[in-house]
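Examining the three-dimensional arrangement
Now for the letters of each chain:
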Amino acid sequence: MLSKRLISAALRPLILSLLADGPKYGFQITYSAKILADNQVNWSNSKLYPLLHKLEHEGLVEAFWRPSKSGPDRKYYRLTSDGFGALETEKSEWREVQRIFSLLWDGSADSILVDHLAKS
Amino acid sequence: MFDLEKAIATWRHQFIYNRLFDNRDVDELERHVRDHVEFLIGRGSSEEDAFRHTINELGEYSETESEYRKVFWSKLRYQNHITEEVFWNLSMLKNYLKVTVRTLARNRTYSIINIAGLAVGIACCLLTFLIVRHEMSYDRYHERADDIYRLNVNWQSPEFVFENAITSAPFAPAFEEAFPAIEAITRITASGEKVLLRNGDTRLYTDNNRFVYADPSIFEVFSLGFEGADSATALAAPYTMVLTRSMAKNIFGDQSPMGQTVRVDDTYDYEVTGLIDDVPDNSHMHFDILVSMASFNGGSGPTNQNWDNNPYFTYLLLPQHYDHTLLEAQFPDFLERNIEEDNREWMSILLQPLTEIHLNPKGNDLEPSGSETYVTILWIIALAILTIACFNFVNLATARSMTRSKEISMRKVVGAARSQIRVQFLTESVLISFLATVIGSMLTIAVLPVVESMLNITITPGEIGGGLGVVILSLVSGAMILGIVAGLYPAFIMARMSPLRLVKGPGKSSSRGSPNSLRSVLVVFQFAVSVILIIATIVVFRQINYMTSTDLGLNTSQVIAIPLRSESTRASAPVMKDELVRLGSVQHAAVALRKPGTGAWGSEYSLPEWDDNDRVSMKFNSIGYDYLETLEIDLLSGRFFSEDFPSDVESGVLINLEAVTEFGWQTTDEAIGKEIKRGGLFRTVLGVTNNYHFQSMSVEMQPMVMYLAPETSNYLLIKTADGRTQEAVSELVPIWNRLNPEWPISYSFLDRDYEALYEKEARFSQMFSALTLLALFIACMGLFGLASFSLESRTNELGIRKALGATGGNIALLLTTDIARLILIANFIAWPIAYYGANQWLQNYPFRTDIEYWIFGMAGIGAVLIALASTGWQAWQASRTNPVDSLRRE
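Bringing the overall build of chain A into the picture now. Along its length, chain A carries 5 helices and 3 strands. The helix and strand sequence of chain A, counted from the amino end, reads α-β-α-α-β-β-α-α. Computed over C-alpha atoms, the radius of gyration of chain A comes to 19 Å, more than 25% over the 14 Å expected from 2.2 N^0.38 for 120 residues, which places it beyond the range of a compact globule. Split into buried and exposed, the 120 residues of chain A put 40% on the buried side. Of the contacts made within chain A by residues no fewer than 6 positions apart, 50% connect residues no fewer than 24 positions apart. Entry remark: accessible area of chain A is about 7200 Å², with carbon and sulfur atoms responsible for 56%. Taken together, the 16 basic and 14 acidic charged side chains of chain A have centroids lying 8 Å from each other.

Below, the structure written as C-alpha cells:
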C-alpha cells in the first residue's frame with residue numbers, strides 16, 4: 001500500500017494524467033486510480049474534490065455539469081490547454097525523478113560519481 | 001430497516017449550514033456517494049454496507065471540512081465573491097458584538113467583576129508605567145544626556161566596597177590634560193547647608209544644597225537654558241552667580257537681575273551674570289543658584305593640588321557615540337601617574353552614565369534618589385495584579401461556559417465552525433478588554449495626582465514619550481492583546497467541545513486538565529500572590545516601624561535644631577543657651593558641628609603603639625557642653641567634657657562603644673586615659689558613650705570620636721521641657737531675633753528629621769499596601785463571581801441535600817470547604833517565596849526586624865477569612881433557600 005505522504009505528493013500529476021484522455025467525474029477518477037494502482041492507492045476522497053477545485057481555480061481544468069437519471073447532476077472535469085502544458089511539466093519532472101532513482105538503485109550511480117570526480 | 005435515501009439525506013444535512021460548502025459542492029459530494037454506492041451494490045453489497053463503506057472512504061466530516069477550508073478563499077476569488085464574504089464576516093462581527101453586549105447586560109455581576117477587575121489591573125499597570133517612565137526620564141532633558149558621564153571613585157578592599165560619587169579637585173584639570181577625547185569637563189560642589197541671600201530689604205534662605213559652586217564649563221556640559229552675555233565667561237570670575245528664573249523672581253521681583261548684586265551669608269557680594277531655567281523635577285541634582293568655582297574656599301577657589309579632599313562632583317562630556325569604556329581602560333595608568341601608591345591601593349575610578357545616576361545612586365549623592373530594585377518590584381506587582389484580573393476573566397468565562405452551552409451548541413448545530421466560535425469568544429473578551437482599558441485609563445487620570453503626591457513626584461506628559469496618537473495606539477493595541485490573551489483559553493475550550501457535551505454541560509467534569517481543575521490552579525495562583533503581598537506589606541511595615549521606633553541610643557523627641565550659619569550666630573549661641581535654660585521651657589541646650597541624623601565626616605585614627613600604616617577609619621563630630629544631656633546619650637565610663645578642665649578642648653576626646661571595639665580594648669574602663677592618634681596629634685580618651693545612631697539605620701553603626709569645640713559648631717540643639725515645645729519655640733524666636741537681627745531664624749525638629757530619613761521606605765510601604773489591597777480586592781471579586789456560578793450550577797444538588805435533611809450549616813460548610821482548601825494550598829506555596837523575598841530585602845539593612853512565624857499565620861488566616869467573607873454571603877443565602885424552590889426548576 002502506498003503511503004499517504006507519497007499519494008499527497010503524486011495526487012496532482014495523477015489527476016492531470018487521468019484527465020488527459022478525456023473528461024471524467026470524481027468517482028471515475030478515484031476508480032481509475034485504484035484500478036491502475038492495483039488497489040495499492042488508499043486515498044481519502046476528502047482530498048480529491050478540493051484539489052480538483054484548486055486546479056479549476058488555477059485554470060488547468062474546466063468543469064461542466066451533466067444531468068443524471070437519479071440524484072444530483074454529475075460534475076465532469078477536463079484538461080484545458082494550460083492543463084496539458086502543466087501535465088507535460090509534471091511528466092518531465094517525474095521522469096527526472098525516476099531517472100535519478102533508477103541510477104541510484106541499479107548500481108550505476110557510483111561509476112558516474114567516480115567519473116565525475118576523476119574529470120574534475 | 002435501512003433506508004438509503006434517508007441515510008444520504010441525513011449525511012448531506014451536515015454540510016448545508018457550513019459556509020465552506022456551497023450547494024454545488026454538496027451536490028458533487030452526494031453524486032460521488034451515490035456513484036460509489038451503486039458501484040458497490042453492483043458488486044453484490046447490501047445498500048447499508050455499500051453506504052457505510054462509501055462514507056468511510058470519503059473520510060470524516062472534520063477532515064473534509066479541513067480540506068475544503070484550504071481552497072475556500074481561492075474559490076471565493078475564482079467566483080468573485082470576496083466582497084460578499086467580507087461583508088458577511090462583518091455582519092457576523094456585528095452579531096457577535098450584539099450578543100456580547102446582551103450577555104454583559106444580562107450577567108451584571110459577571111460583567112462588573114470582569115470589567116472592574118481588569119480596569120483596576122490596567123490602571124495599576126498604567127500608573128506603574130508612568131512611574132517607571134518618570135524614574136527613567138531623569139536627566140534626559142539635557143541635549144547630550146547620552147554623552148555625559150560622572151566620574152566615580154570606588155574604594156574596594158577584601159572587607160568592603162564603597163562606591164563614591166565625589167572626587168577631589170585635581171581630577172578635572174588632570175583629566176583634561178591626559179585625555180584629549182574629552183570635549184568638556186566640569187565640577188560642582190554644593191553648599192550643604194542653607195545660605196542667606198540679601199538684596200536690599202529682601203532676605204531669604206536657599207534650601208540645603210541649592211547654592212552650588214560650578215566651573216565655567218558647566219554650560220558646555222549641561223543644557224541649562226542659559227540667558228546672559230556669554231555662557232563661557234558667566235562663571236569665570238570670583239563672586240559671580242547665575243540664578244534660576246524662579247530664584248531671580250524671588251530676589252528681584254520684576255526687576256532685571258542682570259548686573260545686580262546679591263549679598264551671600266552677609267559676607268560676600270556676588271554679581272548676577274546670567275539666568276537659567278528652573279531645574280526640572282526629574283534631575284538627580286537641583287540648584288537655585290550657580291556661583292563661580294573661583295569663589296569657593298573664601299575666594300581662593302578649589303584646591304587643585306590636593307588629591308585627598310573630595311567634595312566635588314566631576315562630569316565629563318564625551319564625543320557623540322564615543323565608547324566610554326575606551327577611556328576607562330586608560331584609568332589605571334592615570335592613577336599610577338597621579339596618585340601615590342599607598343592611596344591608590346584600593347582605589348579605582350569609573351564613569352557612570354548621567355542617565356543612570358538616579359536609579360543607581362552612589363555614596364555621598366546629594367539627593368535621595370530612586371532605586372532600581374523598587375522599580376522592578378513595582379513592575380512585578382503591577383503585572384501580578386493584571387494577571388490576577390486576567391485569571392478572573394478566564395475563570396469566570398470557563399465557569400460560565402455551562403450557562404452558555406446551549407447557545408454555543410445551537411451555533412454549532414446550525415453550522416458554526418470552530419473558528420467562528422473562537423472569534424465570537426475572542427470578540428467578547430476584546431470588547432471587555434476595551435471597556436476595561438477605557439475605564440482603567442480614566443481611573444489612572446483620576447488617581448495620578450494622589451500617586452504623585454504619595455511619591456512626591458511630578459509626571460509630565462513629555463515623559464510618557466510619543467504624542468497623543470502613540471498613546472492611544474498603544475492603549476488600543478494593549479487592549480487588543482490583553483483581550484486575546486485573556487480570551488484565548490475560554491475560546492479554545494468552547495470551540496473544541498462537541499455540541500453533545502455542551503448540552504450536557506462541560507463544567508461538571510473535574511478531571512485533570514478540565515476547566516474546573518484549571519480554575520482551581522488559577523485561584524491558588526491568585527491567592528498565593530495575594531498572600532505574598534500581605535506578608536511583604538507586613539514585613540516592610542515592621543522594618544520601617546523598627547527603624548523609627550527602635551532605641552537610637554539618643555532621644556530625638558522635643559529637640560529643636562537651629563542652624564548657626566555665621567560667626568556672629570555661633571558667637572550668640574552661649575548667650576542664647578543661657579537665656580533659654582533660664583526660661584524654664586528649655587531643659588538643656590548644646591552646640592554641635594553635625595546634627596544627629598545627617599551623618600558625620602570621617603578620618604583615620606590609630607594608637608601610639610600601632611605601626612604607622614595601621615589605621616582605622618572613624619567618624620568625628622565637634623560638640624559643646626551639655627551635649628549628652630540634651631540628647632540623653634548614656635555615658636558608660638569616664639566623664640564628659642567639663643568647664644572645670646580647660647585642657648579638654650586641647651587634649652580630650654570622647655569615643656563611642658563601637659570605637660572601643662575598633663581599638664581592641666576589652667572594656668570601656670580600659671579605654672579611659674588612653675591616647676589616640678590622628679595625623680601627628682595625640683588626644684586622651686576622657687569618656688566612653690553608648691552607641692547611638694547619628695545617621696539612618698540603613699547604615700551600620702560606626703565608631704565615633706567626639707571633640708570639644710563649641711566655636712566650630714553649626715547647630716544649636718535645644719531640648720525642651722515635657723509638653724512645652726510650642727512655648728519654647730515662641731520664646732526662642734524673639735531671643736534669636738534680638739541676638740541675630742541680620743539672620744532670620746530657621747529651625748527643625750530632630751524627630752521629624754529622623755523620620756525623613758526613612759521617607760523612601762515609607763513611600764514604598766504606602767505603595768505596597770495600596771497594591772496589596774487592590775490585588776486582594778480583585779482576587780476576592782473573582783472568588784465572589786466563581787462562588788455565584790458554582791452555586792447556580794449546584795442549585796439542584798443543594799435542594800436534594802436539604803430535602804434529605806442537610807442543615808443550613810452543612811450547606812454553608814459544603815460550599816466554603818473547597819474555597820478554604822484552595823486558599824490553604826495557596827498559603828503553602830506563598831510562604832517560602834515570601835520568606836525568601838522578605839529575607840533578601842531585609843539584607844539591605846544592617847539593623848532589621850525579624851521575620852516572625854506569626855506573620856505567615858496571620859497572612860494565611862487573613863486570606864482565608866477574606867476569601868470566606870467574599871463567598872460566605874452566597875453560602876449563607878444558599879443555606880436558607882427552600883429546597884422546593886430549587887427543585888421546582890427541574
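All names here are of chain B. Relative to strand β5 (residues 202–205), strand β4 (residues 196–199) is paired through 4 bridges, and the arrangement is antiparallel. Note that in β5 the partner of L196 across the bridge is Y205. Taking the residues between adjacent antiparallel strands as the criterion, β4 and β5 are bridged by 2 residues, where G200 takes a positive phi near 60 degrees.

Chain B puts 25 residues into the contact, and the matching count from chain A is 26 residues. Summing the contributions of chain B and of chain A, the shared interface buries around 2400 Å²; its carbon and sulfur component is 56%. In terms of surface lost to chain A, no three residues of chain B exceed E28, R31 and H32 of chain B, which account for 26% of the buried area on that side. Where chain B touches chain A, the interface holds 3 salt bridges. Among the ionic pairs, K47 of chain A bridges to E67 of chain B, the shortest N-O distance being 3.1 Å. Counting across the interface, chain B meets chain A through 9 residue pairs in polar contact (both at pLDDT 80 or more). Contributing elements (two or more residues each) for the side of chain B that touches chain A: α2 (23–42), α3 (47–58), α4 (61–70) and α5 (72–78) of chain B. Classifying every residue of the side of chain B that touches chain A gives 6 nonpolar, 5 polar and 14 charged.

Residue and element names in this part refer to chain A. With antiparallel pairing, the 3 strands of this open sheet are ordered in space as β1-β3-β2. A single partner strand is all that each edge strand has here, and the edge strands are β1 (24–25) and β2 (61–66). Against the sheet, helix α1 (residues 4–19) touches β1, β2 and β3 (74–79), its axis set at about 95 degrees to β3.

Moving on, we get to helix α32 (residues 853–880) of chain B. Given 3.6 residues per helical turn, the α-helix brings residues three or four places apart onto the same face. Taking 1.5 Å of rise per residue, 28 residues should cover 40 Å, and α32 of chain B covers 39 Å from first to last C-alpha, within 8% of that figure. Of all the bends found along α32 of chain B, the most pronounced is centred on T871 of chain B and spans about 45 degrees.

So, about the domain arrangement of chain B. When cut into domains, chain B gives domain 1 (4–80), domain 2 (147–356), domain 3 (372–547 + 759–888) and domain 4 (566–742). For domain 2 of chain B and domain 3 of chain B, the distance between their C-alpha centroids amounts to 52 Å.

This brings us to a positive patch on the surface. A surface patch of positive charge is lined by K94, K98, R102 and R106 of chain B. Within the element layout of this structure, K94 of chain B appears in helix α6 (residues 82–106).

A word on the environment of S585 of chain B. Residue and element names in this part refer to chain B. The topology assignment puts S585 in the loop between α22 (567–583) and β15 (586–592). Classification of S585 by relative accessible area gives buried; the value is 0%. Taking the C-alpha atoms as reference points, S585 and A721, 136 residues apart in sequence, are found 5.2 Å from one another. Separated by 2.6 Å, the side chains of S585 and E731 make a polar contact.

A word on a nonpolar patch on the surface. Residue and element names in this part refer to chain A. A contiguous nonpolar patch, built from W94, V97, I100, F101, L104 and W105 and spanning about 610 Å² of accessible area, is present on the exposed surface. Looking at the secondary structure, you find W105 in helix α4 (residues 81–105). Using a relative accessible area of 66% as the deciding quantity, one classes W105 as exposed.

Residues F527 and Y627 of chain B are the most contacted members of the largest nonpolar core, which totals 108 residues. Of all the elements, helix α21 (residues 515–549) of chain B adds the most residues to this core, at 15 residues. Counting the residues that make up this core, at least three belong to each of domain 3 (372–547 + 759–888) and domain 4 (566–742) of chain B. In this view, Y627 of chain B contacts A590, V591, A592, P596, N621, I633, F640, Y692 and L717 of chain B; residues no more than four positions away in its chain are not counted. Of all hydrophobic cores here, the second largest spans 36 residues; its members include L60 of chain A together with L4, L40 and L58 of chain B.

Moving on, we get to the packing of helix α2 (residues 26–36) of chain A against α2 of chain B. Contact geometry of α2 of chain A with α2 of chain B gives a least axis separation of 8 Å together with a crossing angle of 50 degrees. One finds that α2 of chain A runs oblique with respect to α2 of chain B. Mapping the contact onto sequence places G26, F27, T30 and Y31 of chain A in α2 of chain A and H32, D35, H36 and F39 of chain B in α2 of chain B. Grouping the constituent residues of the contact of α2 of chain A with α2 of chain B by class yields 3 nonpolar, 4 polar and 1 charged.

This next bit is on the packing of aromatic side chains. Overall, the coordinates contain 38 aromatic pairs over all chains when judged by the stated rule. Pairing F663 of chain B with W665 of chain B gives two aromatic rings, centres 5.1 Å apart and planes at 40 degrees, and the pair type is tilted. Residue class for F663 of chain B comes out buried when judged on its relative accessible area of 4%. Residue classification places W665 of chain B among the buried residues on the basis of a relative accessible area of 9%. Each ring, one from W831 of chain B and one from F856 of chain B, has its centre 6.5 Å from the other, and the planes form 80 degrees; the classification is edge-to-face. Here the residue W831 of chain B occupies a position in helix α31 (residues 808–842), and F856 of chain B occupies one in helix α32, the gap between them amounting to 25 residues. The partly exposed category is assigned to W831 of chain B, whose relative accessible area is 24%. Given a relative accessible area of 9%, F856 of chain B falls into the buried group. Ring pairing ties together the aromatic residues F211, Y213, Y239, Y268, Y270, F296 and Y312 of chain B, which thus form one cluster. When the ring centre of Y76 of chain A is taken as origin, the NZ or CZ atom of R66 of chain A, which lies over that ring, is 4.7 Å away. Over the face of the ring belonging to F492 of chain B we find R422 of chain B, whose NZ or CZ atom lies 4.7 Å from the ring centre.

Structurally, R31 of chain B can be placed in helix α2. Accessibility expressed as a relative area gives 4% for R31 of chain B, which makes it buried. Discounting residues that sit within four places of it in the chain, R31 of chain B has contacts with S68, S70, G71, P72, D73 and R74 of chain A together with E38 of chain B.

About the cut-offs
- Residues numbered from 1 in each chain as written.
- Chains lettered and ligands numbered in written order.
- Predicted model: local features only at pLDDT ≥ 70, side-chain atom pairs only at ≥ 80, totals over all residues.
- Heavy atoms only, no water.
- Helix = DSSP H or I, 4+ residues; strand = E, 2+ residues; numbered from the N terminus.
- Rg over C-alpha atoms; globule rule 2.2 N^0.38 Å.
- Buried < 20%, exposed > 50% of the residue type's maximum accessible area, 1.4 Å probe, protein only.
- Contact = heavy atoms within 4.5 Å.
- Areas by Shrake-Rupley, 256 points an atom, 1.4 Å probe, with all protein chains shown as cover.
- Lys, Arg positive; Asp, Glu negative; His and termini not counted.
- Charge placed at Lys NZ, Arg CZ, Asp CG, Glu CD.
- Pairing = 2+ DSSP bridges.
- Buried area = accessible area lost by both parts, 1.4 Å probe.
- Salt bridge = Lys/Arg side-chain N within 4 Å of Asp/Glu carboxyl O.
- Polar contact = N/O pair within 3.5 Å; in protein donor to acceptor, adjacent residues only side chain to side chain.
- Nonpolar A, V, L, I, M, F, W, Y, C, P; charged D, E, K, R; others polar.
- Axes fitted to C-alpha atoms, helices over the stretch in contact; angles between N-to-C directions.
- Expected span 1.5 Å × (residues − 1).
- Bend = angle between axes of the 7 residues up to and from the residue.
- Domains from an automatic or database assignment.
- Patch = residues over 30% accessible without salt bridge, like charges linked within 9 Å, V, L, I, M, F, W, Y side chains within 5 Å.
- Core = buried A, V, L, I, M, F, W, Y, C linked by side-chain atoms within 4.5 Å.
- Parallel < 35°, antiparallel > 145°, perpendicular 65-115°, else oblique.
- Phe/Tyr/Trp six-rings, centres within 6.5 Å; stacked < 30°, edge-to-face > 60°.
- Lys NZ or Arg CZ within 6 Å of the ring centre and 35° of its normal.

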